[in-house]
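One letter stands for each residue in the lines below.
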Amino acid sequence: MPMAATPTRLAVVVDAWFDGERRHADGRTTFSVEDGRVIAIDRGDHGAALDARGWRVERGAFLLPGLVDAHVHLFLDGAPTDGAVRAAHLKQDVDRLAEAARAGARQALACGVTRVRDAGDRHGLNHRVREEARRPGSGLAQVRSAGLGVKRARRYGAFMAMDVDDEASIRSAVQGLAADSDEIKLILTGIIDFDAGAVTDEPQFDAAAARCVVEAAHAAGRKVLAHCSGAKGLAVAVEAGVDSIEHGFFMDRGTLLRMRDRALAWTPTFCPVHFQWAEPAAVGWSPNTVGNLRRILDAHAEHLRRAHEIGVVVLAGTDAGSMGVEHGRALVDELQRFVDAGLPLDAVLAAATSAPRRHFGDAAPTLSPGTPFEAVLLGASPWADFAALRRPLQVWSHGRVGAAGTTVAP
Ligand SMILES: [Zn+2]
C-alpha cells in the first residue's frame, strides 16, 4: 500500500499579491497551503495564530503565481555567445545534452519560472526532462513539451524538427508525435535575414499543408504552435488556424485583428533579436544591420502594444537557449520589453502567469483556493520595484525551492 505523504501546513503572509490577472494591494493577506494546495486566501495577517497551531509561516512583500516561459529549448544553452562553442554544444552526445536540458530546467525554477513550454528538440530530451520534473522535489521547472516539430526537407529547423512531405506523411507524422507531445510544433517559415532586414525565403508550408498539420493535431487533441515570421508566413498561419504564432516578426494590424477574432495567441520572443541588437559584436553585425535590428524591434513593440489594445492573447516566451538568452533569467528581460512597449504591468505579468496556463488548458489558471501552490515570493512589489522579479525569495512548485535553487521537502 503506498504511503500517504505527510500532511504539511504552510502559511504565507504578504503585503500584496497578484492572482494572475489582478493585483490585490488593499492590505495584508494570508495564504494557507496544505499538502501543496491553497486551501484559503484570507485578508489580514493570521501568521501568529497559525504559527501557534504549528504551521510554518513565511513572510514577504509580494506573492504571484509561478512564472511561465512559453517558449524555450531546454537542450540548448543560451549562455555561450561564440558560434563555435554553440556548434560544439549541439554535437555532444545525448546524455550530455540531457544534462544541459536538466540544468536549464533547474535554473529556470531557481529564477521563479515554475513552468516552461519547450518548443522543440530533435532528441526528445524535452520529453525526458518533463518526466523527471514530475517527481516532487526534482528542483526542475515543469515542462510542457512539444517534442520534435515538423518541417520541410532541406529547410530551417533540423535541430528541433523532422521532415514531412505530402499530406499522408504529414498526417502520419503528426499522429505519431501527438502520442507523446503536449503540442505540435510547426516550423512554418525560416528565420529573419538580419542583413536584409526581412524574411527572404518562402514559407515552408502553404495554407493547405499547414491546415493538414492543424487538423491532424486537433484530431489528436493537440494544439499547434507555429514558428513563423514575415507577412507570407503569418498569412498562412492565420488561414491554417494554428493555435499560437511564435516570434511573429513583421506583424501587421490586419493579422492581429484576425488573430484576435480566431483566439490565436502570440508569443513575440523579443529576447533573441534584442540580444543581437544589444551585442552586435557577438555576431559581427554591421551598423546597417544593427539599424535593421532596431527597426524590427521597434515595429515589434508597436504591434505588441496594438495586440494588447485589441485583445489578442499574448504569451511571454523567451526562446531561451538561443544565443545570449539564458534559461530562467531571460524571462524578466522579455517582460521588460513588454513594459517598454507600453503594456500595463498587470497585462505584462498575466502574459507570464494566467495567459499561458489558460492556453495550456489549466482548469484553474489563477492563484485561487483549491489550486496547487505554484508561487513566487518577492521582497518588493513589482509595481514599486520591477527588478524584484529578478530576486525571488522563495519559489514553490512541487516542493519548496530556495532562491538559490536548492530543493528541500515541503
Ligand atoms: Zn524557438
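Cut-offs applied
- Residues numbered from 1 in each chain as written.
- Predicted model: local features only at pLDDT ≥ 70, side-chain atom pairs only at ≥ 80, totals over all residues.
- Helix = DSSP H or I, 4+ residues; strand = E, 2+ residues; numbered from the N terminus.
- Buried ≥ 20, exposed ≤ 12 C-beta atoms within 10 Å, placed from the backbone.
- Domains from an automatic or database assignment.
- Contact = placed C-beta atoms within 7 Å.
- Pairing = 2+ DSSP bridges.
- Axes fitted to C-alpha atoms, helices over the stretch in contact; angles between N-to-C directions.
- Core = buried A, V, L, I, M, F, W, Y, C linked by C-beta atoms within 7 Å.

Asks: Whenever I open this one, the overall build of the protein confuses me. Can you help?
Replies: From N to C terminus, the protein includes 13 helices and 18 strands. Reported as C-alpha extents along the three principal axes, the dimensions of the protein are approximately 65 × 50 × 45 Å. Looking at the 410 residues of the protein, the share that counts as buried comes to 51%.

Asks: Help me understand the domain arrangement of the protein, please; the structure alone is not making it clear to me.
Replies: Assigned domains of the protein: these are domain 1 (9-65 + 364-408) and domain 2 (67-352). Across the boundary between the two partners, domain 1 contributes 23 residues, which contact 17 residues of domain 2.

Asks: Can you help me understand unusual backbone geometry in this one?
Replies: What you tend to see is this: most non-glycine residues have negative phi, and most peptide bonds are trans. Of note, Arg154 is a non-glycine position whose phi angle comes to about 60°, a positive value. You will see that Asp319, though not glycine, has its phi angle at about 65°, which is positive. Tracing the backbone shows Asp319 in the loop between α10 (287-310) and α11 (329-340).

Asks: Got a minute to help me understand the environment of Glu246 in this structure?
Replies: Mapped onto the elements, Glu246 comes out in strand β13 (residues 244-247). On the basis of neighbour counts, which here come to 29 C-beta atoms within 10 Å, the residue Glu246 falls in the buried class. Expressed as a C-alpha distance, the spacing of Glu246 and Ala25, which sit 221 residues apart in the sequence, is 34 Å. Apart from residues no more than four positions distant in its own chain, Glu246 is found in contact with His71, Ala119, Leu225, Ala226, His227, Cys228, Thr267, Thr269 and Gly317.

Asks: Can you walk me through helix α7 (residues 231-240) in this structure?
Replies: When α7 is considered as a whole, its buried residues turn out to be Gly233, Leu234, Val236, Ala237, Val238 and Ala240. The elements touched by buried residues of α7 are α6 (207-219), β12 (223-228), β13 and α8 (253-261). Phi turns positive one or two residues past the end of α7, at Gly241, with a value near 80°.

Asks: Would you take a moment to explain the sheet that holds strand β8 (residues 142-145) for this structure?
Replies: Within a sheet, each strand pairs with its neighbour through backbone hydrogen bonds, oriented either parallel or antiparallel. Strands sit in the order β6-β7-β8 across an open sheet of three strands; the sheet is parallel. Only two strands of the sheet have a single partner each, and these edge strands are β6 (67-72) and β8. Pairwise comparison of adjacent strand axes, ignoring direction, gives a mean angle of 20° for this sheet. In this sheet, β8 lies alongside strand β7 (residues 113-118) in parallel orientation, the contact comprising four bridges. By the bridge assignment for β8, Val116 is matched with Val143.

Asks: Would you take a moment to explain the nonpolar core for this structure?
Replies: A general trend in soluble globular proteins is that nonpolar side chains are found buried together. By size, the foremost hydrophobic cluster in this structure holds 121 residues, and its most contacted members are Ala105, Leu186, Ala210, Val213 and Ala237. Sorting elements by how many residues they give to this core places strand β1 (residues 9-18) first, with eight residues. Domain assignment of the residues forming this core places at least three in each of domain 1 (9-65 + 364-408) and domain 2 (67-352).

Asks: I would appreciate a short explanation of the environment of Ile187 in the present structure.
Replies: Relative to the elements of secondary structure, Ile187 occurs in strand β11 (residues 183-187). Taking the C-beta count within 10 Å as the criterion, Ile187 has 28 such neighbours and is therefore assigned buried. Separated by 17 residues in the primary sequence, Ile187 and Gln204 place their C-alpha atoms 7.3 Å from one another. Here Ile187 is in contact with Gly149, Val150, Lys151, Tyr156, Gly157, Ala161, Gln204 and His227, once residues within four sequence places are set aside.

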